[in-house]
Amino acid sequence: MRSVVRSLRQLGRFAQHHAERHSQATRLFEQQNALIMCGSTSRSLCMLRRNGEISRFASPGVELMRSMFSTVAVDSIKDVGRGGPMVEYERRIASGELVDGDSFQVDTIQQLQRLYEELIENEEDCQLDRYKSSEKSGRLITQPSTYAPVKGLYLYGGVGTGKTMLMDLFYEQLPSNWRKKRIHFHDFMLNVHSRLQMHKGVSDPLDVVAAEISDEAIILCLDEFMVTDVADAMILNRLFRQLFSKGVILFSTSNRAPDKLYEGGLQRDLFLPFIDTLKERCIVHPIGSAVDYRQLGSAEQGFYFVGKHYSTLLKQKLQSLIGDEEPSPQTVEVIMGRKLQVSLGANGCAYFPFEDLCDRPLGAADYFGLFKKFHTLALDGVPKFGSSNRTAAYRFVTLIDVMYENKARLLCTAEAGPVGLFENIVTVAEAQKVSPRYSRSQKSDDPDLCVDNELGFAKDRTISRLTEINSREYLEDFEMRLRQQQQLPLQGLDNNGGDVVLA
C-alpha cells in the first residue's frame, strides 16, 4: 500500500517537472547519434566527442542505450516514478558529464537512493513540505516534536572520491518546496555560534538555535564534517540531540570515520557521546574508493608558481585579471562586527602576502567574508609547513577549504608544489612507520617534523584541492561562471606552462 501511495505522490509531481523532463529528453535525443557511432554494442566503454575534445563515456551497452533513447517519452514518465539520485547519476554518466564510477561510488549511490525513497515515502510524517506545514499551522513552518522515521547518512572516505559531488547530486534531486539546506560544516558552525551570540541571556540558547535551524530545514546536508575546535566539540552533542528530537535528518560527508572525529582533541571524553548520537541517527557508510577523481583533471595548469622570484610575476598576472582599475587596500565585513583588512583589492580580485592571511589570528569566518566580496585570491609566499608553523598550516587548510567551497580562483607563489608543502606533516601512524619506537612524548630527530593526526589527514584533502583548483577544467568552469555573472567575453587561460609548476 505504501508503495502505491508513494507512486501516486510522485506521479503528482509529474506536471511540475514536465518542462524540465522535456528539455532533458531533447538533450538525450541529441546524444543518440554520438552513441550509435561508438561501434560495437558489446563494448562497455567508448569515447564521446564533446566541444572538440574526447571524454570518456560509460554505459552498460550501446544497444541498451538505443533502447532507452527510443522510448524516451515513456522513460520520462518512468523517471518520475523512479526518480532520485540513481537516475540522475546514470544520466550524467550517459551524457559524459561524469566518468564511469567505481563499484564503491555505485554502492554509495544506492545508499543515497535509499534515503531519497524513504524521504518520499515519509514526506508528510517528516513535514518536509514547508507550504503544507504553513497551511496546517497558520505560520510559515512547524517542526515535528519527535524523531524522524527516516535515518540520515554519514558518508566518509578518502579525498577526491566524489563525496561532495554525490551530496550535491542528491540535494539537487530533492523537491524545491521541501525544507532543506546544504552547507559546509565550517559555515554551519559559524552560523550556530553567531545565533548563540544573538540569543545570549536566554535560559537555553542552544534549544532556541536548534528550533530555528529545524524551522528552516528538516533535511540538513553538511559537507566536510571535521571537528578541530574545542568550542564546537563541546556543544555538538547537545545541539544535534536537540536537532534530531525536532525531526532533523542529517546527511554529512567527512574524511574521517565517526570514531576518528576529534581524535586527540582537548576534553575528547566530553565529545564521545556525540559519536554515539551520530551513529544512532545516521547510517554510517564508507565510500571505500582509492581513486582521487580530482587528480584526473589536467594538472600542470593554472597560476601556481614555485619560487620566491615569481612574486613580481604574480602581481603582473593579478593586474592583468583586474584590468585598468588600480588595486588599493580595502576592508571586508565579517560576522559579529568583525572586519578583515585586505592588502590590495580591485574588480573582485584580492592580494595578500601569506603572513597577512595565515599568520594572523584569522579563521573560517574571515575567509568566508573574504570570498563573499572577492572571487580571485593572489597569495604570495606560501611556505613549506612543519612544527614551526603548524598553526599557519591549519589556517591554510581552512582557507583552501573555504576557497573550494566558494569555487574561487587562486594565484599563488609557494616554496614547493602542493605535495612538497606538506612533506613534513605526518600522522602518528606515519611517524611510527618511519620510527617504530616513536611516541607522542618523544621528540623527532627532524626538528621541523610535525606529528599531528588532524593536520596529517587534512593535508591530503588540501593537496587534492590545490591540484584541482589549478587544473584547466576548474579554471574553465570558473571563467564560464564569471562570464555568466558579468556578461563579458570569455578570457583565455594562460598557456605559458613553463612558468607554472604543479608537483
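Residues numbered from 1 in each chain as written. Predicted model: local features only at pLDDT ≥ 70, side-chain atom pairs only at ≥ 80, totals over all residues. Heavy atoms only, no water.

Caption draft 1: Highlighting helix 9 (residues 185-198). In this model, helix 9 (14 residues) spans 20 Å end to end at C-alpha, consistent with the 20 Å of a helix rising 1.5 Å per residue. Inspection of helix 9 places Phe185, His186, Phe188, Met189, Val192, Ser194, Arg195 and Leu196 among the buried residues, and these make up the whole buried set. Of the surrounding elements, those touching the buried residues of helix 9 are strand 4 (180-184), helix 10 (205-216), strand 5 (219-223), helix 11 (230-245), helix 15 (364-373) and helix 16 (390-405). (Helix = DSSP H or I, 4+ residues; strand = E, 2+ residues; numbered from the N terminus. Expected span 1.5 Å × (residues − 1). Buried < 20%, exposed > 50% of the residue type's maximum accessible area, 1.4 Å probe, protein only. Contact = heavy atoms within 4.5 Å.)

Caption draft 2: Layout of the packing of aromatic side chains. A complete count under the given rule lists 17 aromatic pairs for this structure. Taking the centre distance of 5.6 Å and the plane angle of 55° together, the rings of Phe240 and Phe274 count as tilted. Here the residue Phe240 occupies a position in helix 11, and Phe274 occupies one in helix 12 (residues 268-281), the gap between them amounting to 34 residues. Across the pair, Phe274 and Phe240 agree in class, each one buried. (Phe/Tyr/Trp six-rings, centres within 6.5 Å; stacked < 30°, edge-to-face > 60°.)

Caption draft 3: Representation of the pairing of strand 11 (residues 349-353) within the structure. Counting buried residues in strand 11 gives 4 out of 5 residues, a clear majority hidden from the surface. Here strand 10 (residues 339-346) pairs with strand 11 via 3 bridges, running antiparallel. Residue pairing in the sheet places Leu344 in a bridge with Tyr351 of strand 11. The antiparallel pairing of strand 10 with strand 11 creates a hairpin that spans 2 residues between the two strands, and Asn347 there sits at a positive phi of about 55°. When strand 11 meets strand 12 (residues 376-382), the two strands line up parallel, connected through 5 bridges. Within strand 12, the position partnered with Ala350 by the bridge is Leu377. (Pairing = 2+ DSSP bridges.)

Caption draft 4: Looking closely at the sheet that holds strand 6 (residues 249-254). Ordered by their spatial adjacency, 5 strands build an open sheet running 4-5-6-3-7, and the pairing between neighbours is parallel. In the strand order of this sheet, the two ends are held by strand 4 and strand 7 (282-286), each with one partner. Between one strand axis and the next, the sheet turns by 10° as a mean value, whatever way the strands run. The sheet contact formed by strand 3 (residues 152-156) and strand 7 spans 5 bridges and is parallel. Within strand 7, the residue paired with Gly152 across the bridge is Cys282. Here helix 9 sits on the sheet in contact with strand 4 and strand 5, set at roughly 105° to strand 4. Of the strands in this sheet, strand 3, strand 6 and strand 7 are in contact with helix 12, which crosses strand 7 at around 95°. (Axes fitted to C-alpha atoms, helices over the stretch in contact; angles between N-to-C directions.)

Caption draft 5: Broad picture of the pattern of salt bridges. Enumeration over the complete set of coordinates arrives at 28 salt bridges. Bridged by salt links that share partners, the residues Glu88, Arg91, Arg92, Glu97 and Glu172 form one connected network. (Salt bridge = Lys/Arg side-chain N within 4 Å of Asp/Glu carboxyl O.)

Caption draft 6: Main features of helix 15. For helix 15, the buried fraction is high: 8 of the 10 residues fall into the buried class. Buried residues of helix 15: Ala364, Ala365, Asp366, Tyr367, Phe368, Gly369, Leu370 and Phe371, and no others.

Caption draft 7: Structural view of the sheet that holds strand 11. The sheet built from 6 strands is open, its strands ordered 8-13-12-11-10-9 with mixed pairing. The outermost strands of the open sheet, each flanked by one partner alone, are strand 8 (304-306) and strand 9 (328-333). Adjacent strand axes in the sheet meet at a mean angle of 25° when their direction is disregarded. Those strands touched by helix 15 are strand 9, strand 10, strand 11 and strand 12, and its axis lies near 115° from that of strand 9. Contacts from helix 16 reach strand 12 and strand 13 (409-414), with the element oriented near 160° to strand 12.

Caption draft 8: Molecular detail of the nonpolar core. Leu357, Leu379, Phe396 and Leu421 are the most contacted members of the largest nonpolar core, which totals 61 residues. Sort the elements by how many residues they give to this core and helix 16 lands first, with 9 residues. Counting residues in each nonpolar core, the second largest holds 31 residues, with Val209, Leu250, Leu261 and Phe271 among its members. (Core = buried A, V, L, I, M, F, W, Y, C linked by side-chain atoms within 4.5 Å.)

Caption draft 9: Spotlight on the environment of Gly323. Residue placement: Gly323 occurs in the loop between helix 13 (311-322) and strand 9. In this structure Gly323 comes out as partly exposed when scored by relative accessible area, which is 31%. Here the alpha-carbon distance between Gly323 and Ala346, two residues 23 residues apart in the chain, equals 9.0 Å.

Interpretation note: all reported values are geometric properties and have no functional meaning in isolation.
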